[in-house]
Amino acid sequence: MDQSKKTMRHFYCRDILWDTFEQMANDFDCSIDYLINEAMRYYATSKNYLTRQAAGGAPAKPALANRPPARMPDDGGYSPARRPAGPPPPPSTRRPSPGRSFGSGLSKRPVRHTPKPEGQSAPILYLIYNNQRVPVDKDQFIIGRGSKTSDLAIKDGNISRKHAAVIRRNGVYYIKDLGSTNGIDYKGMRIDNKRIEEGDVFHLCDHEVQFTFRG
């Protein structure tokens, strides 16, 4: 058999391998055909299908020995690694251990997920006004002069139509001034908003409003 005879062949090739051989051909100043033939010869020889004497062929080009090894990315998408110049080694036939995947040997810290409380409701807040206990049972409880627009109506011309609001947010209650004329007083100071604590007392003009969580 003529060892130098070549015939046009057609085959499918993985894109990453073709890109690698193109890079190697450029780095080694040779043709892709030469590299593919060398790779096939190397593989057949390593599997004892072809003896080195029968393989024959032209000796390796000097450029291959004088140039640094090319950077060849792994076929499986892993980080590139340096390999020695020449045909690639035969693929490994070793399979991963059962129940393990590639990369399972990497050190990984366990991910802890903090469970979110389910069905947890805010404590019941009571508003005390004129010796009456009114439960704040909504996310926005309006205090004002208007009987139709307020949850707690205070009949006083100095009280704005929508004077203040008790706002419930994530189980916490706040009192908020709604742009009233005379504002909200807390311990002698005018405030815009404040988180409501047990026993807090606020003054809206001459009217005292107290809050408690005790049923």
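The structure presented is a predicted model; accordingly, all values stated were derived computationally and were not measured.

Enquirer: Hey, could you run me through the nonpolar core in this one?
Expert: Note that soluble globular proteins tend to have their nonpolar side chains buried in a common cluster. The biggest cluster of nonpolar side chains holds 22 residues, and the ones touching the most others in it are L127, V166, F202 and F211. Those elements that provide at least two residues to this core are β3 (125–129), β4 (132–136), β5 (140–144), β7 (164–169), β8 (172–177), β9 (184–186), β12 (201–204) and β13 (207–212). In terms of residue count, the dominant contributor to this core is β3 (three residues). Here F202 is in contact with I175, I184, D185, Y186, I191, K194, I196, H207, E208, V209 and F211, once residues within four sequence places are set aside. Ranked by size, the runner-up nonpolar core spans ten residues in total, among them F28, C30, Y34 and L35.

Enquirer: Explain the sheet that holds β7 here, please?
Expert: The pairing of strands in a sheet comes from backbone hydrogen bonds and takes either a parallel or an antiparallel form. The sheet built from five strands is open, its strands ordered β6-β5-β7-β8-β11 with mixed pairing. The outermost strands of the open sheet, each flanked by one partner alone, are β6 (152–153) and β11 (193–195). Pairing between β5 and β7: four bridges, direction antiparallel. When the bridges of β7 are listed, I143 appears paired with A164.

Enquirer: Is there a simple way to explain the environment of P135 in this structure?
Expert: Considering the arrangement of structural elements, one finds P135 in strand β4. The contact partners of P135, leaving out residues within four places of it in the chain, are L125, Y126 and F141.

Enquirer: What should I look at first to understand helix α2 (residues 32–46) in this one?
Expert: Every α-helix carries 3.6 residues per turn, so stepping three or four residues along brings you back to the same face. Between the first and last C-alpha of α2 there are 21 Å, a value that for 15 residues agrees with the 21 Å anticipated at 1.5 Å per step. Within α2, the full set of buried residues consists of I32, Y34, L35, I36, E38, A39 and T45. Phi turns positive, to about 60°, at N48, one or two residues after α2.

Enquirer: Help me understand the side chain of S180 in this model?
Expert: Within the secondary structure layout, S180 lies in the loop between β8 and β9. A relative accessible area of 7% means that S180 is categorised as buried. Among the polar contacts listed, one links the side chain of S180 to the side chain of D177, at a separation of 2.8 Å. Leaving out residues up to four positions away in the same chain, S180 has contacts with S160, H163 and R190.

Enquirer: Where do I start with the side chain of T212 in this structure?
Expert: Looking at where T212 falls in the secondary structure, it is placed in strand β13. Residue T212 is classed as buried on the basis of its relative accessible area, which comes to 7%. What T212 contacts, discounting residues up to four positions off in sequence, is I124, L125, Y126, I128, R133, E198 and G199.

Enquirer: What is the right way to look at the pattern of salt bridges in this model?
Expert: Between side chains of opposite charge, a pair can form as their charged atoms come close. Under the criterion given, the structure shown has seven salt bridges. With a closest N to O distance of 2.9 Å, R168 and D139 form a salt bridge. On the criterion of sequence distance, the pair formed by R168 in strand β7 and D139 in the loop between β4 and β5 is long-range, its members being 29 residues apart. Under the relative-accessibility criterion, R168 is labelled partly exposed at 25%. Given the relative accessible area of 48%, D139 is considered partly exposed.

What counts and what doesn't
- Residues numbered from 1 in each chain as written.
- Predicted model: local features only at pLDDT ≥ 70, side-chain atom pairs only at ≥ 80, totals over all residues.
- Heavy atoms only, no water.
- Core = buried A, V, L, I, M, F, W, Y, C linked by side-chain atoms within 4.5 Å.
- Buried < 20%, exposed > 50% of the residue type's maximum accessible area, 1.4 Å probe, protein only.
- Helix = DSSP H or I, 4+ residues; strand = E, 2+ residues; numbered from the N terminus.
- Contact = heavy atoms within 4.5 Å.
- Pairing = 2+ DSSP bridges.
- Expected span 1.5 Å × (residues − 1).
- Polar contact = N/O pair within 3.5 Å; in protein donor to acceptor, adjacent residues only side chain to side chain.
- Salt bridge = Lys/Arg side-chain N within 4 Å of Asp/Glu carboxyl O.

Such coordinate-based values are descriptive only and should not be taken to indicate function.
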